[in-house]
Amino acid sequence: MSVLASKSFLFSTLKTLGLLYLFFVVGLFLDSFYMVKVTKNAQFYATALMLIVFFITFFNVPKRIKEQMINAVLIGFFGEYLFSIVLGMYTYRLENIPHYIPFGHAFVYIAVLYFSKASSIKIRRLQIEKFLTITIIIYATIFLIFKNDVFGFVMTVATLVILRNRSKERLFYLTMYASVVILELVGTYYKCWFWPTTAWNVVSFLPSANPPSGISLFYFLLDLGTLWLYKQRHREAWQRMKNIRNLNIRLKN
């Protein structure tokens, strides 16, 4: 059964976010401090599993999604080197960029995209958005109070403010926020990477938790970049789709 066509909320959620979060737990375990005790090749095993999952997914999605996955990997490589190596925003266990990370970005992007586009999810969009917004506010506030996570709280507020006027993308980005929370909690627990005690280890007035709560704000740059690259390569098709969408809106009104 197609995820997008399914009318089962549970099926759509488990087939997208359920598998994604399970992969976080299993995949990152291979690069965890547990595995380091038994092998020096922990990152290699994590990368091998990531590539297997990536290509299984890649060969089972439409051409348009394939292109977006490739774009996400390319932007992921650039973003990781910029934010981790150049800017020192966070540091991986071996102070490198594990090869599984950029491919993982693409996997997260596609899983969240399919979840937010599924029919069974869209008909519950408003309820899900409300639930996620409340949960995000509670989560960021708890981190602010108990972990002095000013950096994460500021990014969370910025995220919610930006999404106020982006109703079409709100479900996708709120889901991305929640997914990044799970990813970061698992990754930092396994000690695959860590965040400094202040933003970029430089901005002293922005103390940070490990991980900061609202770091998904930077993941949005990956999402926007992936979509921008696709639009640039398919300008006519994208404009045609926008025209059809605007026509449908006018007909409904």
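Above this note sits the structure.
Scope of this entry: the structure provided in the associated data block. (Residues numbered from 1 in each chain as written. Predicted model: local features only at pLDDT ≥ 70, side-chain atom pairs only at ≥ 80, totals over all residues. Heavy atoms only, no water.)

## Remarks on the overall build of the protein chain
A tally of helices and strands in the protein chain yields 11 helices and 4 strands. Burial analysis of the protein chain (253 residues in total) assigns 47% to the buried set. For the protein chain, contacts bridging at least 24 residues in sequence account for 72% of all contacts bridging at least 6. Roughly 13900 Å² of accessible area belongs to the protein chain as shown, and the carbon and sulfur atoms make up 68% of that amount. (Helix = DSSP H or I, 4+ residues; strand = E, 2+ residues; numbered from the N terminus. Buried < 20%, exposed > 50% of the residue type's maximum accessible area, 1.4 Å probe, protein only. Contact = heavy atoms within 4.5 Å. Areas by Shrake-Rupley, 256 points an atom, 1.4 Å probe, with all protein chains shown as cover.)

## Overview of the packing of helix H3 (residues 42–58) against helix H4 (residues 63–86)
The N-to-C vectors of H3 and H4 enclose an angle of 150°; their axes lie 10 Å apart at closest approach. In terms of orientation, H3 and H4 fall into the roughly antiparallel class. Counting all contacts with H3, which are made through Phe54, Thr57 and Phe58, the residues of H4 involved are Lys66, Met69, Ile70 and Val73. A class-by-class count of the residues in the contact of H3 with H4 yields 5 nonpolar, 1 polar and 1 charged. (Axes fitted to C-alpha atoms, helices over the stretch in contact; angles between N-to-C directions. Parallel < 35°, antiparallel > 145°, perpendicular 65-115°, else oblique. Nonpolar A, V, L, I, M, F, W, Y, C, P; charged D, E, K, R; others polar.)

## Digging into helix H7 (residues 125–147)
Helix length check: H7 (23 residues) gives 32 Å between terminal C-alpha atoms against 33 Å at 1.5 Å per residue, within 8%. Contacts from the buried residues of H7 go to helix H1 (9–29), helix H5 (100–117), helix H6 (119–122), helix H8 (150–163) and helix H9 (170–189). Positive phi shows up at Asn148, right after H7, with a value of about 50°. (Expected span 1.5 Å × (residues − 1).)

## Digging into the pairing of strand E4 (residues 203–207)
In this sheet, E4 lies alongside strand E3 (residues 198–199) in antiparallel orientation, the contact comprising 2 bridges. Along E4, the bridge assignment pairs Ala199 with Val203. Between E3 and E4, which pair antiparallel one after the other, the connecting turn spans 3 residues, and Trp200 there sits at a positive phi close to 60°. (Pairing = 2+ DSSP bridges.)

## A look at the environment of Phe220
Here Phe220 shows up in helix H10 (residues 216–233). Separated by 61 residues in the primary sequence, Phe220 and Thr159 place their C-alpha atoms 9.2 Å from one another. Look past the residues within four positions of Phe220 in its chain and what remains in contact with it is Thr159, Tyr173 and Met176.

## Describing the pattern of salt bridges
Taken as a whole and assessed by the stated rule, the structure comprises 4 salt bridges. A salt bridge links Arg125 to Glu129; the nearest nitrogen and oxygen atoms lie 3.1 Å apart. Note that Arg125 and Glu129 are positioned in helix H7 at a spacing of 4 residues, about one turn of the helix. Ionic pairing is found between Glu129 and Arg170, a salt bridge with its closest N-O pair at 3.6 Å. Remark: Arg170 occurs in helix H9 and Glu129 occurs in helix H7; sequence separation between them is 41 residues. Judged by relative accessible area, Arg170 falls into the buried class, the value being 19%. (Salt bridge = Lys/Arg side-chain N within 4 Å of Asp/Glu carboxyl O.)

## Some details on the packing of aromatic side chains
Enumeration over the complete set of coordinates arrives at 25 aromatic pairs. Between the aromatic rings of Tyr90 and Tyr92, the centroid separation amounts to 5.7 Å while the plane-to-plane angle is 90°, which identifies the pairing as edge-to-face. Residue Tyr90 is classed as buried on the basis of its relative accessible area of 9%. Classification of Tyr92 as buried rests on a relative accessible area of 4%. Here the guanidinium or amino end of Lys66 rests over the ring plane of Phe58, the centre of that ring lying 5.6 Å away. Above the ring of Phe33, the side-chain terminus of Lys191 is found at 5.2 Å from the ring centroid. (Phe/Tyr/Trp six-rings, centres within 6.5 Å; stacked < 30°, edge-to-face > 60°. Lys NZ or Arg CZ within 6 Å of the ring centre and 35° of its normal.)

## Some words on H4
Here H4 is 24 residues long and its end C-alpha atoms lie 34 Å apart, about the 34 Å a rise of 1.5 Å per residue gives. Where H4 is concerned, the buried positions are Ile65, Glu67, Gln68, Met69, Asn71, Ala72, Val73, Gly76, Gly79, Glu80, Phe83 and Ser84. Taken from the residues just after H4, Gly88 is the one with a positive phi, measuring 65°.

## A look at the environment of Ile110
Tracing the backbone shows Ile110 in helix H5. Judged by relative accessible area, Ile110 falls into the buried class, the value being 4%. Ile110 sits 53 residues away from Thr57 along the chain, and the two C-alpha atoms are 9.0 Å apart. In contact with Ile110, not counting residues within four places along its chain, are Thr57, Ile65 and Met69.

In short, shape yes, function no, at least from these values alone.
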